[in-house]
Amino acid sequence: MKEKGWKDVPLGGLILEAGSAKEYLTGSWRTFRPVLDEKKCKHCLICWIYCPDSSIIVEDGKMKGFRYDYCKGCGICSTECPFKAIEMIEEAKYKAEKEGEK
Amino acid sequence: METIKAMTGDEIAAETIRQINPDVMAAYPITPQTEIVQIFSEFVANGLVDTEMVRVESEHSAMSACVGAASAGARAMTATSANGLALMWEIVYIAASLRLPIVMPVVNRALSGPINIHCDHSDSMGARDSGWIQLYSENCQEIYDNLIQAVRIAEDKSVLLPVMVTFDGFIISHGTERVKILEDEQVRKFIGKYNPRYPLLDIDNPVTYGPLDLFDYYFEHKRQQVEAMKNALDVIKKIGGEYTQLSGRSYELIEEFGSPDADLVVIAAGSTAGTVKGAIEELKEEGINAKLLKIRAFRPFPQDEIKQSLRKVAVVAVMDRSASFGAVGGPIFLEVRSALLDEERRIPVVNYIYGLGGRNIGIEDIKKVFQDLIQIRKTGKVKNLVNYLGVRE
Ligand code: SF4
Ligand code: SF4
């Protein structure tokens, strides 16, 4: 998203339309990344209920992963999952592992 | 038809708020502002206004209620003094940054401690960087006129900033003076109906007030506030002109008094401007030509008008009724001096800190200042850049 100059942003920091948080990618704040173990997941969707950032992707009633553009890595989903299906992995380690696979 | 009444500063402030008839008044009493709230409460109780009076438990709540009301789309007002202003501090900044056109009389009183209830400008001067427009009133008539104009200035689409209308505690707030009062209808027609830009109560057009604003946009919003203050310079002049049409009394960013070609100038804000006028009249009889430059608007600071007014003068004294501890001088002095810095001709400017905690200042004191200026004009030498007028050594 291109950031607007002072002449173009609404006065006083007001937000004039709904849903604008969608344009604000908060995924970069993350230190720990939730990673799903599909074998353990029972699709109970408790993670979806708890996630404060609507970052659990659900399709046809099934847990399908995370919206990493918005997931801040708070770890609530991992803590609340009754089946220990979500592991929080340090982003730096995760990236290093990915690099290693290449 | 205007009527003429004898009223104290607080009485006329309450009467003006009655004529403005704001949607919401949220206020907490504090000396020497108390009578404004007390008298206005009577107006509410007697059904003379449509105002929703919110009796809050502190000034922090008073300003918070005003912010809530103004965001909802109401014309909101409060009034305070000294420690009350200090207590509402956090929300004072929020009101300005949310661009809410709240109007607030500030009855100038010394900030504690040691505890003191009398006049100085330490309260409003401390708020000079809060983003509020500040109009200083010399007397009761100016309280009336400034408050009415403040509503229009605050609500102007190119401004949208809150306005403080200040006047000196006890000296003016409790001093009875002659005031010319317009008819209610004239005032209401002049201020017009308030059309809020983004009222929260407009549920068909929902907006969010006060979201998080970090390093990526906060700076842009501050830049907008800078621009609004700049716009306010013209708006204050424009509305002053319209008000002159209505009342016959003229209002600019600054006021000059005395011989236009006098080269000795004293700069003052608030009731001391009246004392300076008295001194100038006496000096005239003694054959000395002198001039007053009264600061009406301190925020925005009328730099160009001040430069223009001082271009041909020999020497300037700035009267500050507050100290800026650790700074080179008082707040008005610092800004006047910096405004004159890029002038080709160097004009000596000296500072007099005076009247702290209500220490009296009279015509004789001002004449002494003019005598100092005469010395500087003669010798070209400034002995003391900052002077403490009326303090015991
Ligand atoms: S809480 Fe655990 S088991 Fe339930 S859907 Fe989420 S990841 Fe799967
Ligand atoms: S880590 Fe936090 S933000 Fe990310 S998906 Fe889990 S609950 Fe949502």
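What you are looking at is a predicted structure, and each value in this text was computed from that prediction instead of being measured.

Asks: Can you walk me through the interface of chain B and chain A in this structure?
Replies: Accessible area lost during the coming together of the parts is what is often quoted as the interface size. Contact residues are listed per partner, giving 19 residues for chain B and 14 residues for chain A. Summed over the three residues of chain B that lose the most area to chain A, namely Asp216(B), Tyr217(B) and Gln224(B), the buried surface amounts to 30% of that side. Applying the counting criterion to the chain B and chain A interface returns zero salt bridges. Scanning the region where chain B abuts chain A turns up seven residue pairs in polar contact (both at pLDDT 80 or more). With five residues, the top contributor of residues to the side of chain B that touches chain A is helix 9 (residues 218–247) of chain B. Looking at the side of chain B that touches chain A, its residues break down into nine nonpolar, four polar and six charged.

Asks: Looking at this model, I keep getting lost on the site of ligand 1. Mind explaining?
Replies: Cys41(A), Cys44(A), Leu45(A), Cys47(A) and Cys81(A) are the nearest of the 13 residues found near ligand 1. Here the shell around ligand 1 is built from residues that sort into eleven nonpolar, one polar and one charged.

Asks: It is not clear to me how the nonpolar core should be interpreted in this structure. Could you clarify?
Replies: Nonpolar side chains in soluble globular proteins tend to end up buried together. Residue and element names in this part refer to chain B. Within the largest apolar cluster, 53 residues are counted, with the highest numbers of intra-cluster contacts made by Ile133 and Tyr144. At nine residues, helix 7 (residues 140–155) tops the list of elements feeding residues into this core. Those residues in contact with Ile133 that sit more than four places away from it in its chain are Ile153, Val159, Leu161, Pro162, Val163, Met164, Met229, Ala232, Ile236, Arg299 and Pro300.

Asks: Which parts of the structure should I look at to understand the packing of aromatic side chains?
Replies: Here a ring pair, both rings aromatic, is described through the centre-centre distance and the interplanar angle of the planes. Under the definition given, this model contains seven aromatic pairs over all chains. Within the aromatic cluster, the residues linked to one another by ring pairs are Tyr136(B), Phe298(B) and Phe301(B). Over the aromatic face of Tyr68(A) sits the side chain of Arg33(A), whose NZ or CZ is 4.1 Å from the ring centroid. Taking the ring centre of Phe83(A) as reference, the NZ or CZ of Lys42(A) above it sits at 5.2 Å.

Asks: Is there a simple way to explain the side chain of Thr275(B) in this structure?
Replies: For Thr275(B), the position within the fold is in helix 10 (residues 272–285). When neighbours within four sequence positions are excluded, Thr275(B) is seen to be in contact with Ile361(B), Gly362(B), Ile363(B) and Ile366(B).

Reading the values: rules and limits
- The residue count restarts for each chain, going from 1 along the sequence in the order it is written.
- Lettering of chains starts at A and numbering of ligands starts at 1, both following the order in which they are written.
- Local features are withheld for residues below a pLDDT of 70 in this predicted model, meaning they are given only at 70 or higher, and side-chain atom pairs are given and counted only at 80 or more; totals for whole chains, interfaces and linings count all residues.
- The side-chain figures draw on all heavy atoms in the structure; neither hydrogens nor water molecules are used.
- Only heavy atoms matter for contacts: two residues are in contact if any of them lie within 4.5 Å across the pair.
- Here the quantity called buried area is the accessible surface, traced with a 1.4 Å probe, that two parts lose on coming together, added over both.
- Salt bridges are defined by distance alone: a side-chain nitrogen of Lys or Arg within 4 Å of a carboxyl oxygen of Asp or Glu.
- Here a polar contact is taken to be a pair of N or O atoms separated by no more than 3.5 Å, where protein atoms must pair a possible hydrogen donor with a possible acceptor and residues adjacent in sequence count only if both atoms sit in side chains.
- Helix and strand assignments come from DSSP, with helices taken as H or I runs of at least 4 residues and strands as E runs of at least 2, each series counted from the N terminus.
- For this classification, the nonpolar set comprises Ala, Val, Leu, Ile, Met, Phe, Trp, Tyr, Cys and Pro, the charged set comprises Asp, Glu, Lys and Arg, and every other residue, Gly included, is treated as polar.
- Here a residue is considered near a molecule or strand provided that any single heavy atom belonging to it is located within 4 Å of it.
- Only buried residues count toward a nonpolar core. Its members are Ala, Val, Leu, Ile, Met, Phe, Trp, Tyr and Cys residues joined through side-chain atoms within 4.5 Å.
- The cut-offs for exposure are 20% and 50% of the maximum accessible area for each residue type, with area from a 1.4 Å probe on protein chains only; residues under the lower value are buried, those over the upper are exposed, and the others partly exposed.
- Only Phe, Tyr and Trp rings take part, Trp by its six-membered ring, and two of them pair if their centres are within 6.5 Å. Stacked means planes under 30 degrees apart, edge-to-face means over 60, and tilted covers everything else.
- Think of it as a cone above the ring: NZ of Lys or CZ of Arg counts as a charge over the ring if it is within 6 Å of the ring centre and within 35 degrees of the ring normal.

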